[in-house]
Amino acid sequence: MKILILPLYGIGDTLMTTPAIETLKKSIDCKIVNICMFKSTYEVLQNNPFIDELIYFPFLEQSFFNSLKFVFALKRFDCAINFYPSNRREYNLLSFLTRAKIRLGHRYLKRDLRELNFLKNRTLKENPDLHNVEENLRILELLGIKTDNAPAMKIYLDQEEIQQGKAFVKKLSQKSVKVGIHTGTSSFKGHRQRRWQKENFLELINSLPDVDFFLFGTIEEEQENKFIFNNAKYGNVIIIQNTPIRKVASIIAHLDAFVSNDSGLMHLAAAVKVPVAAIFGPTNPKWVYPWGVKHRIVRVNLNCSPCFYYSPEPLKCKSGLDFKCLKDIDVSMVKSALESLIKS
């Protein structure tokens, strides 16, 4: 059976497909081809032994004509899978245009018809009580595959990458406790609003002088990370900026814990088995908590939170409280979560 896995947007979403991909490959005789539309997601899936062919095609950088040309040049597949979440008409059109006999995916509770989810011909309704990993495993049931035992999320680093990460951390930090921090999130569709304030991250760092903090980011987190670095009292901040995602993973793998907003690096830390203190505002931790590792969820329980659902709509504070759900998270709450992870 030839199976095509269609691209998802983010690093975290992509990592949350890896348990389903492993289960799929182990359950039936198949060839799995996976398309990625970003270099970062392509690198996340490199060396994955359960993917037979990995293809990078930057749809967002291509014209509509070139994208159509690419899709029609694909060989015929028996099955195309839109893993969760993919509640966008572009994903559903792409699935339809592959001409696969079986097109798997979800029907969504909101904006389902508007986003053309009916173009898939084998579907199940999303369950708001499940984690995204569980939603992806459920899709396989449409192929008759049992999914009782969920594997871990994984990024497959080779021994050289692991050793390089270990040497890098050892060179830059001599303290016994080393913690990673991601101050950012995706900026797509207004999701910068999911970021805990940089002043709070700074206060957390300044309250723990015996810990070395590794700050990760790209150009999107540069302002926050520079602010923290320049104002840290104890010189215990190391910035890892604009670094390839596999090297980032190899560094995180040798840290003691990770503090993060709901972001792709939160899931990357979980994929390399590092405990996570995860800060949540408008998004639902039930759907995307750090899968398969020790973690602490830090959030404020407001009546209006969580309010986010999967759709093309930009993130807005529907209650008019200016994301009070995130702004009311006190530094002491995150510090307590981090310290409990370090002790455990």
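Residues numbered from 1 in each chain as written. Predicted model: local features only at pLDDT ≥ 70, side-chain atom pairs only at ≥ 80, totals over all residues. Heavy atoms only, no water.

Bringing the overall build of the chain into the picture now. Helix and strand counts for the chain stand at 14 helices and 12 strands. Against the compact-globule benchmark of 20 Å for 344 residues, the chain has a radius of gyration of 20 Å, which places it among compact chains. Principal axes of the C-alpha set define a box for the chain whose edges measure 60 × 50 × 40 Å. Expressed as a percentage of its 344 residues, the buried residues of the chain come to 55%. Contacts in the chain between residues at least 24 apart in sequence constitute 64% of all its contacts with a sequence separation of at least 6. Accessible surface computed for the chain: about 15200 Å², of which carbon and sulfur atoms make up 51%. In the chain, 48 side chains carry a positive charge and 35 a negative one; their mean positions are 3 Å apart. (Helix = DSSP H or I, 4+ residues; strand = E, 2+ residues; numbered from the N terminus. Rg over C-alpha atoms; globule rule 2.2 N^0.38 Å. Buried < 20%, exposed > 50% of the residue type's maximum accessible area, 1.4 Å probe, protein only. Contact = heavy atoms within 4.5 Å. Areas by Shrake-Rupley, 256 points an atom, 1.4 Å probe, with all protein chains shown as cover. Lys, Arg positive; Asp, Glu negative; His and termini not counted. Charge placed at Lys NZ, Arg CZ, Asp CG, Glu CD.)

The topology assignment puts Leu-119 in the loop between strand E5 (102-107) and strand E6 (122-125). By relative accessible area, Leu-119 is classed as buried at 16%. Separated by 48 residues in sequence, Leu-119 and Ala-167 place their C-alpha atoms 50 Å apart. Leave out the neighbours within four places in its chain, and Leu-119 touches Asn-92, Leu-93, Phe-96 and Arg-103.

Before going further, it helps to examine the packing of helix H7 (residues 159-172) against helix H10 (residues 245-252). Running from amino to carboxyl end, H7 crosses H10 at an angle of 65°, the nearest separation of the two axes being 8 Å. In the crossing of H7 with H10, the sense of the turn from one axis to the other is right-handed. Across the interface between the two elements, Glu-161, Gly-165, Lys-166, Phe-168 and Val-169 of H7 pack against Arg-246, Lys-247, Ser-250 and Ile-251 of H10. For the contact of H7 with H10, the per-class residue count stands at three nonpolar, two polar and four charged. (Axes fitted to C-alpha atoms, helices over the stretch in contact; angles between N-to-C directions. Left-handed = near helix turned anticlockwise from the far one by under 90°. Nonpolar A, V, L, I, M, F, W, Y, C, P; charged D, E, K, R; others polar.)

Our focus in this paragraph is the domain arrangement of the chain. Here the chain is described as being made up of domain 1 (2-143) and domain 2 (159-343). Here the C-alpha centre of domain 2 lies 27 Å away from the C-alpha centre of domain 1. In this assembly, 24 residues from domain 1 lie in contact with 21 residues from domain 2. Looking only at domain 1, the three residues that lose the most surface to domain 2 are Arg-88, Arg-111 and His-131, adding up to 24% of its buried area. (Domains from an automatic or database assignment. Buried area = accessible area lost by both parts, 1.4 Å probe.)

Another point: the nonpolar core. Leu-24, Phe-216, Ile-252 and Leu-268 are the most contacted members of the largest nonpolar core, which totals 58 residues. Not counting residues within four places of it along the chain, the set of residues in contact with Phe-216 comprises Gly-180, Ile-181, His-182, Glu-221, Asn-225, Ile-240, Val-248, Ile-251, Ile-252, Leu-255, Phe-258 and Leu-265. Of all hydrophobic cores here, the second largest spans 30 residues; its members include Val-179, Ala-232, Ile-279 and Leu-302. (Core = buried A, V, L, I, M, F, W, Y, C linked by side-chain atoms within 4.5 Å.)

What follows deals with the sheet that holds E6. With respect to topology, six strands assemble into an open sheet ordered E3-E2-E1-E4-E5-E6, the strand pairing being parallel. Pairing within the sheet leaves two strands with one partner each, and these edge strands are strand E3 (53-56) and E6. Strand-to-strand twist of the sheet, defined as the mean angle between neighbouring strand axes without regard to direction, takes the value 20°. Strand direction decides the pairing type here: strand E1 (residues 2-5) and strand E2 (residues 31-36), joined by four bridges, are parallel. Opposite Ile-5, over in E2, you have Asn-34 as the bridge partner. (Pairing = 2+ DSSP bridges.)

Glancing now at the pairing of E1. With three bridges joining them, E1 and strand E4 (residues 79-81) adopt parallel strand pairing. Within E4, the position partnered with Ile-3 by the bridge is Cys-79.

With that settled, consider the packing of aromatic side chains. On inspection of all chains with the given rule, the structure shows 10 aromatic pairs. Each ring, one from Phe-57 and one from Phe-59, has its centre 4.9 Å from the other, and the planes form 75°; the classification is edge-to-face. The exposure class of Phe-57 is buried, given its relative accessible area of 12%. Among the aromatic residues, ring-to-ring pairing joins Phe-57, Phe-59 and Phe-70 into one connected group. The cationic tip of Lys-39 hangs over the ring face of Tyr-42; the distance from NZ or CZ to the ring centre is 5.5 Å. Across the ring face of Phe-227, the terminal group of Lys-198 is positioned such that the distance to the ring centre comes to 5.2 Å. (Phe/Tyr/Trp six-rings, centres within 6.5 Å; stacked < 30°, edge-to-face > 60°. Lys NZ or Arg CZ within 6 Å of the ring centre and 35° of its normal.)

Note that Ser-67 resides in helix H4 (residues 64-73). Setting aside residues no more than four positions away along its own chain, Ser-67 makes contact with Phe-57, Phe-59 and Gln-62.

Moving on, we get to the sheet that holds strand E7 (residues 177-182). The strand order across the open sheet built from six strands is E9-E8-E7-E10-E11-E12, with neighbouring strands paired in parallel fashion. For this open sheet the edge positions go to strand E9 (237-241) and strand E12 (295-298), each flanked by a neighbour on one side alone. For this sheet the average axis-to-axis angle between neighbouring strands, irrespective of direction, equals 20°. Alignment of E7 against strand E8 (residues 211-217), held across six bridges, turns out to be parallel. Note on E8: the bridge partner recorded for His-182 is Phe-216. Sitting on the sheet, H10 touches E8, E9 and strand E10 (257-261), and the angle it makes with E8 is about 165°.

Before going further, it helps to spend a moment on empty space enclosed by the protein. Enumeration over the complete set of coordinates arrives at one cavity of 30 Å³ or more. Of the pockets and cavities examined, the largest cavity occupies roughly 70 Å³. Residue lining of the largest cavity: 13 residues in total, with Leu-6, Pro-7, Leu-8, Thr-14 and Asn-34 positioned closest to the centre. Mapped onto the lining of the largest cavity, the elements with two or more residues apiece are E2 and helix H3 (39-45). Looking at the lining of the largest cavity, the element that brings in the most residues is E2, giving three residues. Residue composition of the lining of the largest cavity, by class: nine nonpolar, four polar and no charged. (1 Å grid on protein atoms, 1.4 Å probe; cavity = no way out; pocket = protein on both sides within 12 Å on 5 of 7 lines; lining within 4 Å. Points joined across faces, edges and corners; volume = space filled by probe spheres on them.)

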